[in-house]
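Notes for the structure review
For reference, the chains in residue letters:
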Amino acid sequence: MDRRRFAQLSALALANMHVRASGQSSDSSTSANRRVGIAAVGLGSIAEVFMHAVSSAPNAQITGLVTGHPATKGVKFGALYNVPGNSIYTYETFDRLRDNPAIDAVYIALPNSMHCEYTIRAAEAGKHVLCEKPMAISSAECRRMIDACRRANVKLMIGYRIHYDATFRKLRELVRAGALGEIQSYQGGFYGMRNKQQWRLDRSLAGGGSLLDLGIYPLNAMRWFTSEEPEFCRGLVATRDKSGAFASVEQSIDWMVKFPSGILGSGGSSYAQSGTNFLAINGTTGHLRLEPAFVYGDVILKYTGTAGDADLSGAGPVNDPDQFVSEATHFADCVLHNSQPSTPGEEGLADLLAIEAIYAAAGSPIA
Ligand code: NAD
């Protein structure tokens, strides 16, 4: 493929993105200036990043907080985001969200095994839900969450931030438009992140090890790029650390999947390995490699590759737009215009089904 053809494909991909993005909204003068009020649930490290991003979103604001530490974290973040004291809740008073009209939705950033309970309680309180990945610790929980939100007629979106990243979206469109020929395989990995919080090593809170936390990124990217669900799943887990720290979750995991089209996917993740995070794609006439691919913050997504004779190298902008801002804006837009999120509960369920199959193949079943 020559450069002109590549430029045409890029323009096509961007045009498609524009059409889809504008197609998600409907004109609504009543909601044009309204901001969706969101309560953050669990004020840990990712909630802090998300709340900061919401302050840059044009259609959302933080209007509530749910924390086990109202006198410290509640006061601190309440002051930062202008949340009044009567909109700061604990896990015990969570259900009173129902009586607060300033809170339209919740953002759930709790340990994985708590996502299901708080999603269902939020739905029953009539609040829309943006839940962090992994959606839950089993497919059965995911189904309960989807049912509860459907029954309550509230939105359920899972925080797959790379779906809202302009570079990822552009490259996905290129791959799907045939720029690399017929795709044969994907490889991906997420390494270099040392475990920080103890709950991640406790199976009752985390549900599993690095696959649920980190490996879910390349797995989800492969499912998203192919629009296929894995037909065959294989996995191997290993823990070299014999201190007992990894008594209930794996330290490292490698997996392979095969999609119905015949595309192969392989990936890995670990809480102990130095390394980077990447997604590689091999087609019959071209290849692409994004690295770094899955981290956030002040990083540039970089990609290298070829499409026939054309060079595909490039990089995304730094934080412009920030993935979390785009994600929050999309969620609020879905609430305001009653449209379906691009990453609904069904997307989280599909990941959990694949993860369960990988863990089962590795002899280390979850939940
Ligand atoms: P964290 O440990 O920093 O925060 C967890 C919060 O939950 C804390 O405020 C903690 O006080 C609270 N909590 C309530 N009950 C708890 C309990 N029983 N045990 C432990 N903590 C409890 O974790 P985090 O890194 O913010 O992760 C939270 C969720 O966000 C996880 O599901 C994780 O997978 C997800 N996450 C997503 C991204 C992303 O880029 N989208 C990045 C990091 C984490």
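Residues numbered from 1 in each chain as written. Predicted model: local features only at pLDDT ≥ 70, side-chain atom pairs only at ≥ 80, totals over all residues. Heavy atoms only, no water.

Some details on the pattern of salt bridges
- The tally for this structure, following the rule as stated, stands at eleven salt bridges.
- R200 is the salt-bridge partner of D213, the closest N and O atoms lying 2.9 Å from each other. One end of the pair, D213, is in helix 8 (residues 210–226); the other, R200, is in the loop between strand 7 (183–190) and helix 7 (203–206), and 13 residues separate them in sequence. The exposure classification of D213 matches that of R200, with both residues buried. (Salt bridge = Lys/Arg side-chain N within 4 Å of Asp/Glu carboxyl O. Helix = DSSP H or I, 4+ residues; strand = E, 2+ residues; numbered from the N terminus. Buried < 20%, exposed > 50% of the residue type's maximum accessible area, 1.4 Å probe, protein only.)

Brief notes about empty space enclosed by the protein
- This structure, assessed with the given rule, holds two cavities of 30 Å³ or more.
- Roughly 40 Å³ of internal volume is contained in the second largest cavity.
- If you trace the second largest cavity, you find it lined by K133, Y160, R161, I162, I216, Y217 and N220.
- Considered class by class, the residues forming the lining of the second largest cavity number four nonpolar, one polar and two charged. (1 Å grid on protein atoms, 1.4 Å probe; cavity = no way out; pocket = protein on both sides within 12 Å on 5 of 7 lines; lining within 4 Å. Points joined across faces, edges and corners; volume = space filled by probe spheres on them. Nonpolar A, V, L, I, M, F, W, Y, C, P; charged D, E, K, R; others polar.)

A closer look at the site of the ligand
- Lining the immediate environment of the ligand, one finds 26 residues, of which S45, N112, K133, R161 and W199 sit closest.
- Within the backbone of L110, one N or O atom sits 3.3 Å away from an oxygen atom of the ligand.
- Between the ligand and the protein, one listed contact pairs an oxygen atom with a backbone N or O atom of K133 at 2.8 Å.
- Protein chains bury 82% of the 840 Å² of accessible surface belonging to the ligand in isolation.
- In this structure, the ligand is accommodated by the largest pocket.
- Grouping the amino acids of the shell around the ligand by side-chain chemistry returns 13 nonpolar, seven polar and six charged. (Near = heavy atom within 4 Å. Polar contact = N/O pair within 3.5 Å; in protein donor to acceptor, adjacent residues only side chain to side chain. Areas by Shrake-Rupley, 256 points an atom, 1.4 Å probe, with all protein chains shown as cover. Sits in = over half its atoms within 2 Å of the grid points.)

Quick look at the side chain of T90
- Here T90 lies in the loop between strand 3 (88–89) and strand 4 (105–108).
- A relative accessible area of 18% means that T90 is categorised as buried.
- If we ignore the near neighbours within four places in the chain, the residues touching T90 are V66, T67 and P70. (Contact = heavy atoms within 4.5 Å.)

A word on the sheet that holds strand 6 (residues 156–158)
- Taken in spatial order, the six strands make up an open sheet running 3-2-1-4-5-6, and their pairing is parallel. Of all the strands in the sheet, the pair left with one neighbour each is strand 3 and strand 6.
- Bridge count for strand 1 (residues 36–41) against strand 4 is four bridges, and the pairing is parallel. Opposite A39, over in strand 4, you have V106 as the bridge partner.
- Seen against the sheet, helix 2 (residues 45–54) touches strand 1, strand 2 (60–66), strand 4 and strand 5 (128–131) and runs at an angle of roughly 150° to strand 2. (Pairing = 2+ DSSP bridges. Axes fitted to C-alpha atoms, helices over the stretch in contact; angles between N-to-C directions.)

Comments concerning the environment of F168
- With respect to the helices and strands, F168 occurs in helix 6 (residues 166–176).
- Spatially, the C-alpha atoms of F168 and A293 are 8.6 Å apart, while their sequence positions differ by 125 residues.
- Among residues more than four places away in sequence, those in contact with F168 are I162, W224, F225, L279, L290, A293, F294 and L301.

With respect to the packing of aromatic side chains
- For the coordinates displayed, the defined rule picks out twelve aromatic pairs.
- Ring centres 5.6 Å apart and planes at 80° place the aromatic pair W224 and F225 in the edge-to-face group.
- The class of W224 is buried, set by a relative accessible area of 11%.
- Taken together, the ring pairs connect F168, Y186, F190, Y217, W224, F225 and F294 into an aromatic cluster.
- Over the aromatic face of F278 sits the side chain of R289, whose NZ or CZ is 4.3 Å from the ring centroid. (Phe/Tyr/Trp six-rings, centres within 6.5 Å; stacked < 30°, edge-to-face > 60°. Lys NZ or Arg CZ within 6 Å of the ring centre and 35° of its normal.)

Observations concerning unusual backbone geometry
- Omega for the bond connecting K133 with P134 falls within 30 degrees of zero, at -15°, which places this linkage in the cis form.
- Note that the residue after E291, namely P292, is joined by a cis bond; omega there is 0°.
- Here N82, not a glycine, exhibits a phi torsion of approximately 65°, which is positive.
- Overall, N82 belongs to the exposed group, its relative accessible area being 71%.
- One non-glycine residue, N338, lies in the positive phi region at around 50°.
- Summarising the element assignment, N338 is placed in the loop between helix 9 (323–337) and helix 10 (345–361).

Quick notes on the nonpolar core
- Residues F168, Y186, L279, I281 and F294 are the most contacted members of the largest nonpolar core, which totals 77 residues.
- Of the residues forming this core, the biggest block, ten residues, is contributed by helix 8.
- L43, A47, M157 and F331 belong to the second largest nonpolar core, which has 30 residues in total. (Core = buried A, V, L, I, M, F, W, Y, C linked by side-chain atoms within 4.5 Å.)

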